[in-house]
Amino acid sequence: MIKIHINVDTPYDIYLGAGILNTLNWTSIFQSYAKRFVVISDTTVSTLYREKLLNLWSEYSPLWLNFEAGEASKTRETKALLEDQLQEAGVNRDACMIAVGGGVVCDLAGFLAATYNRGVPVIYIPTTLLAMVDASVGGKTGVNTSLSKNSIGVFSQPKAIYMDIDFLNTLPDNELQNGLAEILKHSLIRDVKQFERLLKFRKAHSEESWLLSDKMWLLETIAESIRIKKEVVVCDEKETGGLRQILNFGHTIGHAIEQLSGYTVAHGEAVAIGIYLESYLSYCRGYLSWENFSKIEKALKFLKFQLNTPYLSDLNAISNALSVDKKSTAKEWRMVFLKSIGTVCDNYVRAFDKADLEKLLTWYRESL
Ligand SMILES: NC(=O)c1ccc[n+]([C@@H]2O[C@H](COP(=O)([O-])OP(=O)(O)OC[C@H]3O[C@@H](n4cnc5c(N)ncnc54)[C@H](O)[C@@H]3O)[C@@H](O)[C@H]2O)c1
Ligand SMILES: [Zn+2]
C-alpha cells in the first residue's frame, strides 16, 4: 500500500493500493473518527457497491444516502435535500461522513460535511480515476450553479482518503478517459517525465482498457499525479498565493464547455478540449514552441481524446461563460499559459481578450 502524507494545515494521509478495501482495519479506522457514520454516494455507485460496503462495515451500520449520479446533481438543491435527510434521521455532530463515489460525490459530500452542523469529519473513498488523481485531493469542495462551475463551496480537508484501484474494474472506458485528462494536465503543468512515461506506456499497450492492463504502472501513475497536485496544494492551500491556479490549466475553456453544454459534457472530456485550445493560445502568444504544441496535439489525438465539440461556436455565449470563471476579474479574463511541456508561464495566470478568443476559435474550427 502506498501512503502519501498531505501536509496542509490539518494534515491527512492518502492510502492507495489494489484491493485495500478488504484488507484495511476498518474497526480501528472508524473508532478514530466518530461513533456514527453516514455514507454519501450516488445511484450508480450504490447499485454496484452498497451491499458489499455495508457488509464490510456491518459493525457500524452506517446510514446510506444517495443522490442521482451525474454532474447535473452537483447543486445546492441536492445538498439541501441531503441536509434534510440527515436532519430527519437525527444525525448530529458526532457523525462522520464517508464519501463513496467520483468527483461529484467527493465535491458535494465534502461541502455538505464542511457545513453540516458547522462541520463534521469526512473521509473520501474515490471510485473514479478522476477522483483519485484529482478531485478527492486538495480540499476544494463545492457545487455548480446554472451560471458557473464550482462557484459555491469551501476549502475543507478530509480526515483521510482511501483509494482502491479495484473500483476501476467497473468504471466505463469513457470515465477512465476523463481521469486520463487530469493525469495529462498534471504532467503538462509540472512533470515532463510523467508526460513521456504516459505516451511510452500507451505505445506499448494497444488494448482497449490499456490503463488497467498493468496495476503496478497504474498505481505509480496515480501516485505521481497525486504528488504533483500535492506539491502545488501544500504551497497554496487556499489559492491565496496564486500557485494553485496552475491546476486550472485547460479548465478556463473546459469549464466554459461544461457550462454551455448544461453539464452534459463530462468534466475530463471538456478539460481535454481545454488543454488543446489553451496550449494553442500559449503557442500564439509566443510562450510555447510550435514543436511543443505539436507534441501536445499529437498526444491528445494518440490518447484518443475527442476534441470536437459543438459548444464552441457562439462567441458571445463563450464570452459570457468566461466572465463568470473564478479567475476572471471585473476587467479581464485570465488563464494559465504553458511555457513548455512540464512548465507554466510565470505569474500563474495571464490576461487574454476577445481578440485572442476570436483567433483561437477560428483556428479551432479549421483545425478539426
Ligand atoms: N475538488 C477538486 O479539486 C476537483 C478536481 C477535479 C475535478 N473535480 C470535479 O470532479 C467532478 C468529476 O468527477 P468524476 O469524473 O469522477 O465524475 P462523477 O463523479 O460524475 O463520476 C462519473 C460517473 O461514473 C460513475 N462511477 C463512479 N465510480 C464508478 C465505478 N467504480 N464503477 C462504475 N461507475 C462509477 C458515477 O456514478 C458517474 O456516473 C466534476 O464535478 C469536477 O468539477 C473536482
Ligand atoms: Zn479538473
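In this text, all values refer to a predicted model and were calculated from it rather than measured experimentally.

## Description of the overall build of the protein
Of regular secondary structure, the protein possesses 14 helices and 13 strands. For the protein, whose C-alpha radius of gyration is 20 Å, the value lies close to the compact-globule estimate of 21 Å for 368 residues. Principal-axis analysis of the C-alpha atoms places the extent of the protein at approximately 60 × 45 × 35 Å. Scored against the burial criterion, the 368 residues of the protein give a buried share of 57%. When contacts within the protein are restricted to residue pairs at least 6 apart in sequence, long-range pairs at least 24 apart make up 75% of them. By element, 48% of the accessible surface of the protein is carried by carbon and sulfur atoms, the whole surface being about 15,400 Å².

## A word on the site of ligand 1
Among the 28 residues in the neighbourhood of ligand 1, the closest are listed as Glu71, Thr127, Thr128, Lys149 and Thr170. In the environment of ligand 1, a nitrogen atom lies 2.7 Å from a nitrogen or oxygen atom belonging to the side chain of Thr127. Phe167 places a polar main-chain atom, nitrogen or oxygen, 3.0 Å from a nitrogen atom of ligand 1. When ligand 1 sits alone it has 860 Å² of accessible area, and the protein chains cover 91% of it. Where the shell around ligand 1 is concerned, the elements lending two or more residues are helix H3 (43-56), helix H5 (103-115), helix H6 (129-135) and helix H7 (173-190). When residues of the shell around ligand 1 are assigned to their parent elements, the largest contribution, four residues, is made by H3. Residue composition of the shell around ligand 1, by class: 10 nonpolar, eight polar and 10 charged. Among the domains, domain 1 (2-170) and domain 2 (173-367) are the pair contributing at least three residues each to the shell around ligand 1.

## Some thoughts on the sheet that holds strand E2 (residues 12-17)
Spatially, E1-E2-E9-E6-E5-E3-E4 is the arrangement adopted by the seven strands of the open sheet, whose pairing is mixed. With one partner strand each, in any of the chains shown, strand E1 (2-6) and strand E4 (63-67) form the two edges of the open sheet. Between one strand axis and the next, the sheet turns through 20° on average, direction left out of account. Looking at chain direction, E2 and strand E9 (residues 160-164) are connected through five bridges and run parallel. The residue bridging Gly17 from the neighbouring strand is Asp164, located in E9.

## Points about the nonpolar core
Counting 127 residues, the largest nonpolar core has Ile222 and Leu277 as the members making the most contacts within it. Broken down by element, this core gets its largest block of residues, nine residues, from helix H11 (residues 267-284). Of the residues that make up this core, three or more belong to each of domain 1 (2-170) and domain 2 (173-367). The residues contacting Ile222, other than those within four sequence positions of it, are Leu16, Leu129, Met132, Val133, Met163, Ile165 and Leu168.

## Considering helix H8 (residues 192-204)
For H8, with 13 residues, the first-to-last C-alpha span of 19 Å sits near the 18 Å given by 1.5 Å per residue. Taken together, the buried positions of H8 are Gln194, Phe195, Leu198, Leu199, Phe201 and Arg202. The buried residues of H8 occupy one face: seen down the axis, they fall within an arc of 160°. Counted as exposed and oriented over 90 degrees from the buried face of H8: Lys193, Lys200, Lys203 and Ala204. Looking at the buried residues of H8, the elements they touch are H7, helix H9 (215-235) and helix H12 (290-302). Regarding H8, its N-cap is Asp191, as a side-chain oxygen of that residue lies 3.1 Å from the backbone nitrogen of Lys193 further along.

## Regarding the pattern of salt bridges
A complete count under the given rule lists 17 salt bridges for this structure. For Lys149, the salt bridge goes to Glu258, with nearest N and O atoms at 3.2 Å. Linking Lys149 in the loop between strand E7 (140-143) and strand E8 (152-155) with Glu258 in helix H10 (residues 251-260), this pair joins segments that are 109 residues apart in sequence. Within the structure, one salt-bridge network assembled from shared partners comprises Glu71, Lys74, Asp107, Lys149 and Glu258.

## Some details on the domain arrangement of the protein
Considered domain by domain, the protein is made up of domain 1 (2-170) and domain 2 (173-367). On the side of domain 2, 34 residues touch domain 1, which itself brings 36 residues to the contact. The contact between domain 1 and domain 2 buries some 3,100 Å² in all, and 66% of this surface belongs to carbon and sulfur atoms. Considering only the surface of domain 1 that becomes buried against domain 2, Leu129, Val133 and Lys149 emerge as the three largest contributors, covering 20% of it. One salt bridge connects Lys215 with Asp166, and the closest N-O pair in it is separated by 3.1 Å. Linking domain 1 with domain 2 are 15 residue pairs in polar contact (both at pLDDT 80 or more), by the criterion used here. When residues of the side of domain 1 that touches domain 2 are traced back to their parent elements, those giving at least two are E1, E2 and H6. In terms of residue count, the dominant contributor to the side of domain 1 that touches domain 2 is H6 (five residues). Tallied by class, residues from the side of domain 1 that touches domain 2 come to 17 nonpolar, 13 polar and six charged.

Calculation rules
Residues numbered from 1 in each chain as written. Chains lettered and ligands numbered in written order. Predicted model: local features only at pLDDT ≥ 70, side-chain atom pairs only at ≥ 80, totals over all residues. Heavy atoms only, no water. Helix = DSSP H or I, 4+ residues; strand = E, 2+ residues; numbered from the N terminus. Rg over C-alpha atoms; globule rule 2.2 N^0.38 Å. Buried < 20%, exposed > 50% of the residue type's maximum accessible area, 1.4 Å probe, protein only. Contact = heavy atoms within 4.5 Å. Areas by Shrake-Rupley, 256 points an atom, 1.4 Å probe, with all protein chains shown as cover. Near = heavy atom within 4 Å. Polar contact = N/O pair within 3.5 Å; in protein donor to acceptor, adjacent residues only side chain to side chain. Nonpolar A, V, L, I, M, F, W, Y, C, P; charged D, E, K, R; others polar. Domains from an automatic or database assignment. Pairing = 2+ DSSP bridges. Axes fitted to C-alpha atoms, helices over the stretch in contact; angles between N-to-C directions. Core = buried A, V, L, I, M, F, W, Y, C linked by side-chain atoms within 4.5 Å. Expected span 1.5 Å × (residues − 1). Arc of directions from axis to C-beta. Salt bridge = Lys/Arg side-chain N within 4 Å of Asp/Glu carboxyl O. Buried area = accessible area lost by both parts, 1.4 Å probe.

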